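# Commentary on secondary and tertiary structure
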Amino acid sequence: MAIHQGLTFGRDWVFTYGPLGFLSTRVPTYIGATPLIIYDIFTACVLIYILRIAFKELNNTAKWLAVPYFIMMSTHNSEATFQLFTLFIFLVFHHYRSHKLISLALATGISVLIFFIKLNLGIVTSVILYCYLLLAVFSDRKSWIKMIPFLGFHLLAIFSLSQIFQVDLFNYVKGALSIINNYNDAMFSVDFINLTARYAYFNMAIASVIILSLAIFFIYSLPTILKSHSDIFVLIVMLFAWYLGFKQGFTRFGFPGMSYPFFYGALFVGIAYIFIENEILKKRLGDVFMVFLFVSPFVSTGLGFSFNKITIPYQDVLFTNLSFQQKLSNHKNRIEYHIDSKIAKSFKGKTVDVVPYEIAYTFFNDLHYNPRPAIQSYQAYNNYLTSLNYDKYLSPTAPDYVLYTTVGPTDSQRYNFWSDSKTTLAMLQNYDYDTTTISKDTLQIVKKRAGALQIVKSGQKDLTFKLDEEVQVSQQNKLTWIEVKVKYSLWGKIMRVLVQPPVLRVKATYEDGTTEVFKAIISEIEAGIFLKKLQTNTEAEHFFRTRGQNQSITKLQFLQNHAGFQEDITAHLYDVSFQ
């Protein structure tokens, strides 16, 4: 949709996926199946090239385990970038040992591809590639003549494709780094431990076996590793790649990501095994590889206690996105997301956005979708991202209408109303309540004003208080905006890097005396939030009708969590009115 409407990535569209993101989601809408099939032919050819190398390098029975495993996991289409990342690691290691230029050329091309599919691993592969090129030059000063063209091609390809794909390169990278930086803080989940205890603890136990085997290998082999200098690069990259997979599975702790630390982790260890030169290290790493191969099939990925979904790369194109299936699906969705015809007519010739994330209403009613940059409010979880949305809604290009839904939380105990609060502020400034209609969800429709209202701030004050201390923050009939600064302790920072950040919970007391405890996201509350109650359709309608006169949150109490946060908290707050 972004490409179809000519939106600029990084400026008009700031999301986890880039302009080639459809290669991962594999939805052929607007672009057809041809790019997907071309991509699959390319990856299949790379895989054949890699398998030829693997069969040549493996001269024992390990190939009969490693190669089928490699094929199986490379065709499991859960995330294209991780598939490509696996191929990238192999190719870099192969050039490291063989100096085959075709391997480095393929690795460089794959890095560019990942860069425009999803920038998190795009940045990682770029850094690994640049570090490797520097390592190659450092190891052999004469090799810079061969390495410079690859660096030049990588940079030139990124700059050239940025123009073709309408990418604002600076802001594309800046937006991605902003998303990556606070993903841990906002999107992590420990709730699966309580909600699906069997699933959670079973996978944690298996992960412990993997971590223990890696720890034993590195501790026991450290003297040998230090003597085998040429193997250090391979082992560091292997461990880093596995760490990324571990974070993918255990930060969000969701079903889709659970395969990464185990199945892809086995590939990273197996690839390193092929290219380790020291025979002692190779034998020991082979033992670690066998541990991965043994325990991985027992991992629960949400399909019971086994991994039983093996797909060919273009299954979605050949079997699940046939034209008659698309028609049936679209017909079903058009019924499900249908907006009353009288309401829809008022949108004719106008632009529309949806808050927080039910974009299907625009697509299946043929509306002119005009999104804010961070298109999903639960991912506008820091000041940079929500400020982009705020600026959009106050700009001349702001959508004419916004549909607001009070959908359920994306994460258990998350307070949805606090997500993307500056967008809500902009809606109060630049939009008037228009009507309420019931579709799949109850939609509050607001319409852009002829001119935006100005914010009037009053009662500004700064507060300093401590964890577990209850503090008065607002009064009845006041629309209070607050920005809260909570810092991780050293232990909290360590946990944020290694597994998950600690959970910051807040107890909110409403003006009627009722209380509620929910999760506070530190980057979200630092960006600013309204101290109001908005959780139901009735409350949403009243909020926009009256421009914010809902029940207030009068007191806050941030609850201590196993020394994960510093004791002292600061807050800046003021009451908001409009004129």
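Check the entry above for the structure.
### Focus on the overall build of the chain
Along the chain, the regular secondary structure elements total 22 helices and 13 strands. Counting every position in the chain, which comprises 579 residues, the buried fraction comes to 55%. The long-range share in the chain, meaning contacts at least 24 apart out of those at least 6 apart in sequence, stands at 75%. For the chain, the exposed surface amounts to about 25600 Å²; the carbon and sulfur share of it is 61%.

### Observations concerning the layout of surface pockets
Taking a probe equal in size to a water molecule and rolling it over the atoms shows the remaining empty space. Quantified by volume, the second largest pocket comes out at close to 1200 Å³. Contributing to the lining of the second largest pocket are 36 residues, with Met 1, Trp 13, Thr 25, Val 27 and Thr 29 lying nearest its centre. Sorting the residues of the lining of the second largest pocket by element identifies helix 1 (22-25), helix 15 (323-336) and helix 17 (360-363) as the ones contributing at least two each. The class makeup of the residues in the lining of the second largest pocket is 21 nonpolar, 14 polar and one charged.

### Focus on unusual backbone geometry
With an omega dihedral of 5°, the bond running from Val 355 to Pro 356 counts as a cis peptide bond. Within the secondary structure, Pro 356 sits in the loop between strand 1 (351-355) and helix 17. Positive phi values are uncommon outside glycine, yet Tyr 30 reaches one of about 80°. Mapped onto the elements of the fold, Tyr 30 is located in the loop between helix 1 and helix 2 (34-57). Take Tyr 30: its relative accessible area is 44%, and that puts it in the partly exposed class. The phi angle at Asp 468 is positive, at roughly 75°, despite the residue not being glycine. The topology assignment puts Asp 468 in the loop between strand 6 (455-466) and strand 7 (471-472). Judged by its relative accessible area of 42%, Asp 468 is partly exposed.

### Thoughts on the sheet that holds strand 2 (residues 368-369)
Read across the open sheet, the five strands follow the order 2-1-3-5-4; overall the sheet is mixed. Looking at the sheet topology across the chains shown, the edges are occupied by strand 2 and strand 4 (431-438). Here strand 4 runs beside strand 5 (residues 442-448); their pairing, made up of seven bridges, is antiparallel. Note on strand 5: the bridge partner recorded for Tyr 433 is Val 446. Across the sheet, helix 19 (residues 421-430) lies against strand 1, strand 3 (401-405), strand 4 and strand 5, angled at about 105° from strand 4, the strand it touches most. Here helix 22 (residues 537-545) sits on the sheet and contacts strand 3, strand 4 and strand 5; the angle it forms with strand 5, its principal contact strand, is near 10°.

### Points about helix 8 (residues 169-187)
The end-to-end C-alpha distance of helix 8 is 25 Å, a good match for the 27 Å that 19 residues give at a rise of 1.5 Å each. In the structure, helix 8 departs most strongly from a straight axis at Asn 181, where the bend amounts to approximately 35°. If you check which residues of helix 8 are buried, you get Leu 169, Asn 171, Tyr 172, Gly 175, Ala 176, Ser 178, Ile 179, Asn 182, Asn 184, Asp 185, Ala 186 and Met 187.

### Focus on the packing of helix 6 (residues 119-139) against helix 8
Closest axis-to-axis distance for the helix 6/helix 8 pair is 9 Å, and the angle between their directions is 105°. On the basis of the axis angle, helix 6 is roughly perpendicular to helix 8. Judged by residue contacts, Leu 119, Asn 120 and Ile 123 of helix 6 engage Tyr 172, Val 173, Ala 176, Leu 177 and Ile 180 from helix 8. The residue makeup of the contact of helix 6 with helix 8, split by class, is seven nonpolar, one polar and no charged.

### Focus: the pairing of strand 12 (residues 553-559)
Most of strand 12 is tucked away, with five of its seven residues classed as buried. Two elements, strand 7 and strand 12, share two bridges in a ladder whose sense is antiparallel. If you follow Gln 472 over to strand 12, its bridge partner there is Lys 555.

### Concerning empty space enclosed by the protein
One pass over the full model with this rule turns up two cavities of 30 Å³ or more. By volume, the second largest cavity is sized at about 50 Å³. Around the second largest cavity, the lining residues are Asp 185, Phe 188, Tyr 488, Pro 501, Pro 502, Val 503, Leu 504, Lys 519, Ala 520, Ile 521, Ile 522 and Phe 565. Across the lining of the second largest cavity, the residue classes break down as ten nonpolar, no polar and two charged.

Calculation rules
- Residues numbered from 1 in each chain as written.
- Predicted model: local features only at pLDDT ≥ 70, side-chain atom pairs only at ≥ 80, totals over all residues.
- Heavy atoms only, no water.
- Helix = DSSP H or I, 4+ residues; strand = E, 2+ residues; numbered from the N terminus.
- Buried < 20%, exposed > 50% of the residue type's maximum accessible area, 1.4 Å probe, protein only.
- Contact = heavy atoms within 4.5 Å.
- Areas by Shrake-Rupley, 256 points an atom, 1.4 Å probe, with all protein chains shown as cover.
- 1 Å grid on protein atoms, 1.4 Å probe; cavity = no way out; pocket = protein on both sides within 12 Å on 5 of 7 lines; lining within 4 Å.
- Points joined across faces, edges and corners; volume = space filled by probe spheres on them.
- Nonpolar A, V, L, I, M, F, W, Y, C, P; charged D, E, K, R; others polar.
- Pairing = 2+ DSSP bridges.
- Axes fitted to C-alpha atoms, helices over the stretch in contact; angles between N-to-C directions.
- Expected span 1.5 Å × (residues − 1).
- Bend = angle between axes of the 7 residues up to and from the residue.
- Parallel < 35°, antiparallel > 145°, perpendicular 65-115°, else oblique.

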